Amino acid sequence: MIVLVGAAVGGTLWWLLVDPALTVPAPGPSGPSGAGTARGETLRTALAAGAGVGAAVTLMLAFRRQRHQEIATAHATHDATERRVTELYTKAAEQLGSDKAAVRLAGLYALERLAQDNPGHRQTIVNVICAYLRMPYTPPEPTPAPDPGRDRKAALRAARRRYQAARAGIVLPAEPTPQQESDDRKGELQVRLTAQRILVVHLRDDRPADQRSTLPAAPAFWEGMNLDLTGATLIDFDLTSGHVTTAIFDKATFAGDARFVEADFTGDADFGGARVANHAESYSWPDGWHVTMTPEGTGSLVREGADGVPAGED
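A short tour of the structure in this document, coming up.

About the thresholds
- Residues numbered from 1 in each chain as written.
- Predicted model: local features only at pLDDT ≥ 70, side-chain atom pairs only at ≥ 80, totals over all residues.
- Heavy atoms only, no water.
- Helix = DSSP H or I, 4+ residues; strand = E, 2+ residues; numbered from the N terminus.
- Contact = heavy atoms within 4.5 Å.
- Areas by Shrake-Rupley, 256 points an atom, 1.4 Å probe, with all protein chains shown as cover.
- Polar contact = N/O pair within 3.5 Å; in protein donor to acceptor, adjacent residues only side chain to side chain.
- Expected span 1.5 Å × (residues − 1).
- Buried < 20%, exposed > 50% of the residue type's maximum accessible area, 1.4 Å probe, protein only.
- Phe/Tyr/Trp six-rings, centres within 6.5 Å; stacked < 30°, edge-to-face > 60°.
- Patch = residues over 30% accessible without salt bridge, like charges linked within 9 Å, V, L, I, M, F, W, Y side chains within 5 Å.
- Salt bridge = Lys/Arg side-chain N within 4 Å of Asp/Glu carboxyl O.
- Lys, Arg positive; Asp, Glu negative; His and termini not counted.
- Charge placed at Lys NZ, Arg CZ, Asp CG, Glu CD.
- Pairing = 2+ DSSP bridges.

Let's shift gears to the overall build of the protein. Assigned secondary structure in the protein consists of 6 helices and 11 strands. Considering only residue pairs separated by 6 or more positions, the protein has 44% of its internal contacts joining residues 24 or more positions apart. Accessible surface, the protein as shown: approximately 19800 Å² in total, 59% of it carbon and sulfur.

Okay, structure coming up:
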């Protein structure tokens, strides 16, 4: 800044002194005093020019300093936000590994809230939920209707065994508690239904197809998501009006109802080897597709060839 101010003062003086026509005239009588006044005016003009240059340079430096401070503040805010998102994401992912269904549910809801507030992390969170649904799972067997007579007979038999063992001095091992395993499977069922609900709710686009380019999407809609549910067990899966980029259901098992009414796949959709676990004949399949049943009671979704002959699982 000193160099620029000095150059401005020196250049202005040189310019004014070299060309007498540009020398600032002074009022009053001519003579030595008038010449001295003219030189003083010239000097003041040069100093004013230097002051202007200095002010401009100072303003530029202040602007650059403020700009650097704004950039540093933005970077610090971004880093703090990313650290917070990472901490919340890590905690929620750890909750999904808990052995308690309630804790796993809390982890899913935390991931959903995190994705809703941070659009840039939505695909990652969708990938985590899909990975959870891809984990092996066997739905619980239907609970039989209560039979008071049967339960009373089973209790009497157990009491008789304990009585006879006590008289003989035999210590019987603790009876197994299969109900606990059933409770765990029922709890896991609720966790998986919640995971599916999170996906289908945020993948549903209720806008008419011909107005999606003009109408704004609902805040809950997560646009441009990809699904990878390879080998997943899906229970009453309902993707009605879903809008997905790509979807992989390769070797997935659909238990209960499965609905894809007006679902829109803008990219590839892979149902290779997908199976339905019950009442395949009650489903309505697209033209050129049908289900073949297996001895185990499951069905394979098969696409027919152009000549009507099954072309294999697809």
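From this point, the narrative continues.
Along the chain, the position of His243 falls in strand E3 (residues 243-244). In terms of polar contacts, His243 uses its side chain to reach the side chain of Asp264, at 3.2 Å. Setting aside chain neighbours within four positions, we find His243 in contact with Leu203, Asp205, Arg212, Phe221, Asp264 and Thr266.

Turning our eyes to something else, we now look at helix H3 (residues 101-117). Between its terminal C-alpha atoms H3 stretches 25 Å, which fits the 24 Å expected from 17 residues at 1.5 Å a residue. Looking at H3, one finds that the buried residues are Arg104, Gly107, Leu108, Ala110, Leu111, Glu112, Leu114 and Ala115.

This part takes up the packing of aromatic side chains. Evaluated as defined, the whole model comprises 9 aromatic pairs. Aromatic side chains Phe249 and Phe260 sit 5.6 Å apart centroid to centroid with 80° between the ring planes, which places their arrangement in the edge-to-face category. With Phe249 in the loop between strand E4 (246-248) and strand E5 (253-259) and Phe260 in the loop between E5 and strand E6 (264-265), this residue pair connects regions lying 11 residues apart in the sequence. Under the relative-accessibility criterion, Phe249 is labelled buried at 0%. On the basis of relative accessible area, Phe260 is assigned to the partly exposed category, the value being 24%. Counting every residue linked through ring pairs, the aromatic cluster contains Phe237, Phe249, Phe254, Phe260, Phe265 and Phe271.

Right, let's get into a positive patch on the surface. On the surface, Arg152, Lys153, Arg157, Arg160 and Arg161 cluster together into a positively charged patch. Relative to the helices and strands, Arg152 resides in helix H5 (residues 148-167). On the accessibility criterion, Arg152 (54% relative accessible area) is exposed.

Attention shifts here to the sheet that holds strand E7 (residues 269-270). The sheet built from 3 strands is open, its strands ordered E1-E4-E7 with parallel pairing. Every interior strand has two partners, whereas the edge strands, strand E1 (226-228) and E7, have only one. Where E1 meets E4, 3 bridges bridge the pair, whose relative direction is parallel. Counted as the bridge partner of Asp228 is Ile248 from E4.

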